[in-house]
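Reading the structure
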Amino acid sequence: MKSFEYGDGEIGSREILYAVSSVVIGVGIFTLPRTVGSATMGSDGWVSILLGGLVALLFAWIVAKLASRFPRQTFLEYTATLVSRPVAIVLTLLLAIHLMQFTAYEMRVVANISKIYLFDRTPVEVIGLLFLLVVVYAVANSSVGLLRLNLLFLPIVLFAAILLLLMNIGYFEPENLKPVFSTKWTGYIQGAKETVFAFLGFEILLIYIAMANQPEKVPKAAVIGMSIPILLYSFVFIMVVGVFGRTAMIQLVDPTIEIAKEVEVPGQFFERFESLFFTIWIMTIFNTASLSFGASVIAIRSVFPKIKRIWLVFILTPIIYLSGMAPPNLIRNFEVGTWIGYSGVVFAMLIPAILLGIAKVRGIKGNA
Amino acid sequence: MPKTLWKLSWLICIVFLGGCWDRVEIEERGFVVGAAVDFSKKDEGMATEEKSEERPHGKQRYLLTLQMVVPGGLSQGGGKGGGGAGAGSGGDAYYNVSSVGDTMFQTVRQLGNRVSRSPFFPHMKILIISEEVARSGHLPDIIDYFLRDAEMRRGVKIMIANGEAREVLGVNPVNEKLPAMYIDSVTRNERSSSSTLPEHLRIGDLNEILLTQESFTIPRIKPAGNEVKIGGVSVFEGRKNSMVDWLGGDDVIGLAILKGKLKGGAINIKVGDNLVSYEAKGSIRRKIEADVSDKENMKFTFTVKSEGVIVESMETINYLKDPEKWELLQMKVADEMKRMAEQAIRKLQKEMKLDVIGLGNYLEQNEPELWKTVEKDWDHGKNYFSKATLHVQAKVIIRNPGVVNQTEPIQGR
């Protein structure tokens, strides 16, 4: 009997679906057309995006399958049953560090781009701090609230994305898509690798599925949630290539923001669509950052249950802030992004696959 | 109640401490609507900076002119005349300021020393480059700032001035308050202007072109009293990105036909001993067929289809009863289009030997393998482009003859 559906501190499969989409849609899309376009010829990048997307989809399913095999158990608990408690503690803490770095990176990219396009004179450090403080405010409260916020934000963000695509139809030149299928297969693989990085973030499910009330529905929700960014990114890529052509696209630092700058709406009111678009996009980056920060807080508290949530948040915030602000310039920051991509591959793909393999082989199942 | 007071003081703090770091009041922004770039002349006393031998110097010194809006002048409803370079008399809706510098950015910042409102670029509409600068091959150097700075937008239209660029910004249009906005409006007239109005070029598109080795064209603008005239194009060589020559008149229409970009505009044909005017409706459709088996002699066939109406008929024709005449008219219009296209081909292929039609692009998109082998010698070196054979076929459909059949009886019957 559900007398008060939202008061129970649990989440349904719908929250999982929205969480996966929200956490994956983030800063990756800004640079994705450039990185994928550099590896592929013509407009073939969409093949790479679908390819990379399929890989991400598969592993999102594995993550969800693994976590839902142990209903209402935390990552620490089920990992401990699979690979002894000390190993589980190390893995949990490493996962928490990875998620913190992920948060820091998102914060830094938001600050960088805001600095360039919105706030010319505000120091990057201040923009980053303000963004992080809002994230902290969200994370300091319950995780369920955090997850439900996605239900509110994601539709607005998707609306902005669709608006971006529609408004650029006038600038779309089909000739720019040619030549098709002239990429070597190594190019597709290289492009797919770049794409996989942009689709990371679903490793938060390892943490959040413990709160799901219908774990058996979670894998399906994760797969659907994952498909939304895959489709969105493919469409955005095709649009960007069609508008700029590959040659110019790969020279733009953030092609997806430049495409918003391309738009000229008659009537002067929305003349600067990029500010509007980027402001809305910050909402989904906020979701990405707060979900991964929240997940790392939960992970650390599962190891040290005695620390109060709010204190833990206050301890972690300066660490996240400083590591986010550590790279001195844009190119170093991109390097950091690549490293976080690699550690994401480890935590979102390698470890869940191994753990699920162990669970299958040894036939371990959580008691529902 | 101290606790309420405590809360109240927090509230007051929130209200008064909130703010915006980047706040610039709209009154403090100097909206730039147009910019013009010339070379600086030695004798011009506009340089405000001190000379220094040790400071790095660029290859050229530029004279940058910005057109800034005077919001007061916009609302007063009057105020025409005056407002030449460097001067702004009361009542004008704009003023032009010029400064000399080695880089665009330095020059803009120098201008900031002299104007009360700091230059603000996102509303810039046009960028005009002088012919001299265009011919020198420094175009990419100039464009860089207008692309790289995040304040700039890729929709700025770029034009080459026949003569000095800043003179173009000094025209005094009769029905518009801002010359830059006036020029911007003229470029939008593509549907109801003569077909010699070249398609406008956005600075973002120019960026795409500059990144390749393609040769290209940029529209020409020249001041004519109180007005400007936009017509003709300047042809740029794609490797050095320097201007080579002008192209005007029928050649521009021919080029537009070859590129499939012709939109409207009158085409006159002679029927009997009188003229009939045809207007294409909607843009024409162009198809290229290529036979590239022989690298030394590639064959390209342009098939152009146009649909339109008769808008003026000095020759009296009974349109409703005379289907053969329609056929004849269609053929004559097609021949005229073919003539203009072939004239443009002669000029581009045999005289300038530069491919601004976009055939290289066509090959790159449709024959990527072949393109890699000819890319290096396309419109330079061995110049495969000038060795190619280009055919034009035109097909015209006249949809209707207007709302009147005959305006006078057919003579001689």
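Residues numbered from 1 in each chain as written. Chains lettered and ligands numbered in written order. Predicted model: local features only at pLDDT ≥ 70, side-chain atom pairs only at ≥ 80, totals over all residues. Heavy atoms only, no water.

Some points on the overall build of chain B
A tally of helices and strands in chain B yields 13 helices and 15 strands. The principal-axis extents of the C-alpha atoms in chain B amount to approximately 100 × 60 × 55 Å. Taking all 413 residues of chain B together, the buried fraction comes to 48%. Of the accessible surface of chain B, which amounts to about 20500 Å², a share of 51% is contributed by carbon and sulfur atoms. (Helix = DSSP H or I, 4+ residues; strand = E, 2+ residues; numbered from the N terminus. Buried < 20%, exposed > 50% of the residue type's maximum accessible area, 1.4 Å probe, protein only. Areas by Shrake-Rupley, 256 points an atom, 1.4 Å probe, with all protein chains shown as cover.)

What to know about the environment of Ala-80 of chain A
Residues and elements named next belong to chain A. Inspection of the secondary structure assignment puts Ala-80 in helix H4 (residues 75-83). Remark: the alpha-carbon pair of Ala-80 and Ala-222, spanning 142 residues in sequence, is separated by 24 Å. When near neighbours in sequence (up to four residues on either side) are disregarded, Ala-80 contacts Arg-85 and Ala-88. (Contact = heavy atoms within 4.5 Å.)

Some points on the interface of chain A and chain B
Counting residues at the interface gives 29 residues for chain A, matched by 22 residues for chain B. Roughly 2300 Å² of surface becomes buried between chain A and chain B when both sides are summed, with 46% attributable to carbon and sulfur atoms. Linking Glu-274 of chain A and Arg-153 of chain B is a salt bridge whose minimum nitrogen-to-oxygen distance equals 2.9 Å. Counting only elements with at least two residues in the side of chain A that touches chain B, the list comes to helix H5 (85-117), helix H10 (218-244), helix H11 (246-249) and helix H12 (255-262) of chain A. The element best represented in the side of chain A that touches chain B is H12 of chain A, accounting for three residues. Split by residue class, the side of chain A that touches chain B holds twelve nonpolar, six polar and eleven charged. (Buried area = accessible area lost by both parts, 1.4 Å probe. Salt bridge = Lys/Arg side-chain N within 4 Å of Asp/Glu carboxyl O. Nonpolar A, V, L, I, M, F, W, Y, C, P; charged D, E, K, R; others polar.)

A short note on the pattern of salt bridges
All names here are of chain B. Following the criterion strictly, the structure yields 20 salt bridges over all chains and no others. Ionic pairing is found between Arg-339 and Asp-250, a salt bridge with its closest N-O pair at 2.9 Å. One end of the pair, Arg-339, is in helix H10 (residues 323-352); the other, Asp-250, is in helix H9 (residues 250-259), with 89 residues separating them in the sequence. Salt-bridge contacts for Arg-339 lead to Glu-336; the nearest nitrogen and oxygen are separated by 2.9 Å. With Arg-339 and Glu-336 both in helix H10 and three residues apart, this pair spans about one turn of that helix.

Focus on the nonpolar core
Ranked by size, the top nonpolar core spans 126 residues in total, and within it Phe-30, Phe-202, Met-226, Tyr-233, Trp-281 and Phe-293 of chain A carry the most contacts. For Trp-281 of chain A, the contacting residues outside a window of four places in its chain are Ile-25, Gly-26, Ile-29, Phe-30, Val-157, Ala-161 and Leu-232 of chain A. Counting residues in hydrophobic clusters, the runner-up holds 54 residues, among them Val-292, Val-304, Ala-344 and Leu-354 of chain B. (Core = buried A, V, L, I, M, F, W, Y, C linked by side-chain atoms within 4.5 Å.)

Thoughts on the pairing of strand E9 (residues 227-237) of chain B
The side chains of a regular strand alternate between the sheet's two faces. All names here are of chain B. Most of E9 is tucked away: nine of the eleven residues are buried. Across eight bridges, the pairing between strand E8 (residues 216-224) and E9 is antiparallel. Following the sheet pairing, Ile-218 is matched in E9 by Ser-234. Hairpin remark: E8 followed by E9, antiparallel, with two residues in the connecting loop; positive phi at Gly-225, about 65°. Alignment of E9 against strand E10 (residues 242-247), held across five bridges, turns out to be antiparallel. Across the sheet, residue Val-235 finds its bridge partner in E10, namely Asp-245. Connecting the antiparallel pair E9 and E10 is a turn made up of four residues, with Asn-241 showing a positive phi of about 55°. (Pairing = 2+ DSSP bridges.)

Examining the confidence of the model for chain B
All names here are of chain B. Confidence in the prediction for chain B averages 84 pLDDT; 91% of positions are at 70 or higher. Note on residues 77-90: pLDDT is under 50 here. Beyond four places in sequence and across chains, it has 29 contacts. The complex model carries a pTM of 0.85, and its ipTM stands at 0.78. (pLDDT = per-residue confidence, 0-100.)

Points about the packing of helix H1 (residues 13-24) of chain A against helix H13 (residues 273-303) of chain A
Residues and elements named next belong to chain A. One way to put it is that H1 packs onto H13 with a least axis distance of 7 Å and a crossing angle of 105°. Taken together, H1 and H13 sit at an angle that is classed as roughly perpendicular. Here H1 contributes Ala-19, Ser-22 and Val-23 to the contact with H13, which in turn contributes Thr-284, Asn-287, Thr-288 and Leu-291. (Axes fitted to C-alpha atoms, helices over the stretch in contact; angles between N-to-C directions. Parallel < 35°, antiparallel > 145°, perpendicular 65-115°, else oblique.)

Topic: unusual backbone geometry
All names here are of chain A. Omega for the bond connecting Lys-178 with Pro-179 falls within 30 degrees of zero, at -5°, which places this linkage in the cis form. Structurally, Pro-179 is set in the loop between helix H7 (143-167) and helix H8 (185-198). Phi angles above zero are rare outside glycine, and Arg-72 is one such case at about 55°. As for its position among the elements, Arg-72 is in the loop between helix H3 (45-69) and H4. Phi at Ser-84 is positive, roughly 55°, even though this residue is not glycine. Positionally, Ser-84 belongs in the loop between H4 and H5. Of the residues examined, Ser-84 reaches a relative accessible area of 37% and is grouped as partly exposed.

Quick notes on the pairing of E8 of chain B
Sheet topology note: the strand E6 (residues 157-161) of chain B/E8 of chain B ladder contains two bridges and is parallel. By the bridge assignment for E8 of chain B, Ile-160 of chain B is matched with Arg-220 of chain B.

Brief notes about the packing of aromatic side chains
In the structure shown here, the tally under the stated rule is 22 aromatic pairs over all chains. Seen from their ring centres, Phe-105 of chain B and Tyr-145 of chain B are 5.7 Å apart, and the 55° between their planes marks the pair as tilted. One end of the pair, Phe-105 of chain B, is in helix H3 (residues 104-111); the other, Tyr-145 of chain B, is in helix H5 (residues 139-148), and 40 residues separate them in sequence. The ring of Phe-334 of chain A has Arg-34 of chain A sitting right over it, with the charged end atom 5.3 Å from the ring centre. Just above the ring of Trp-246 of chain B sits the side chain of Arg-220 of chain B; from NZ or CZ to the centre is 5.0 Å. (Phe/Tyr/Trp six-rings, centres within 6.5 Å; stacked < 30°, edge-to-face > 60°. Lys NZ or Arg CZ within 6 Å of the ring centre and 35° of its normal.)

Re the environment of Met-325 of chain A
Residue and element names in this part refer to chain A. Position of Met-325 among the secondary structure elements: in helix H14 (residues 309-325). Judged by relative accessible area, which is 16%, Met-325 ranks as buried. With 297 residues separating them in the primary sequence, Met-325 and Gly-28 have C-alpha atoms 18 Å apart.

Quick look at a nonpolar patch on the surface
Side chains of Leu-5, Leu-8, Leu-11, Ile-12, Val-15 and Phe-16 of chain B sit close together on the surface and give an oily, nonpolar patch of about 670 Å² of accessible area. By relative accessible area, which is 60% here, Leu-5 of chain B ends up exposed. (Patch = residues over 30% accessible without salt bridge, like charges linked within 9 Å, V, L, I, M, F, W, Y side chains within 5 Å.)

Points about H14 of chain A
All names here are of chain A. Between its terminal C-alpha atoms H14 stretches 24 Å, which fits the 24 Å expected from 17 residues at 1.5 Å a residue. The largest bend along H14 reaches roughly 25° and is located at Leu-316, with the proline Pro-318 sitting one to four residues downstream. If you check which residues of H14 are buried, you get Arg-309, Leu-312, Val-313, Leu-316, Thr-317, Ile-320, Tyr-321, Gly-324 and Met-325. Buried residues in H14 make contact with H5, helix H6 (124-139), H7 and H13. (Expected span 1.5 Å × (residues − 1). Bend = angle between axes of the 7 residues up to and from the residue.)

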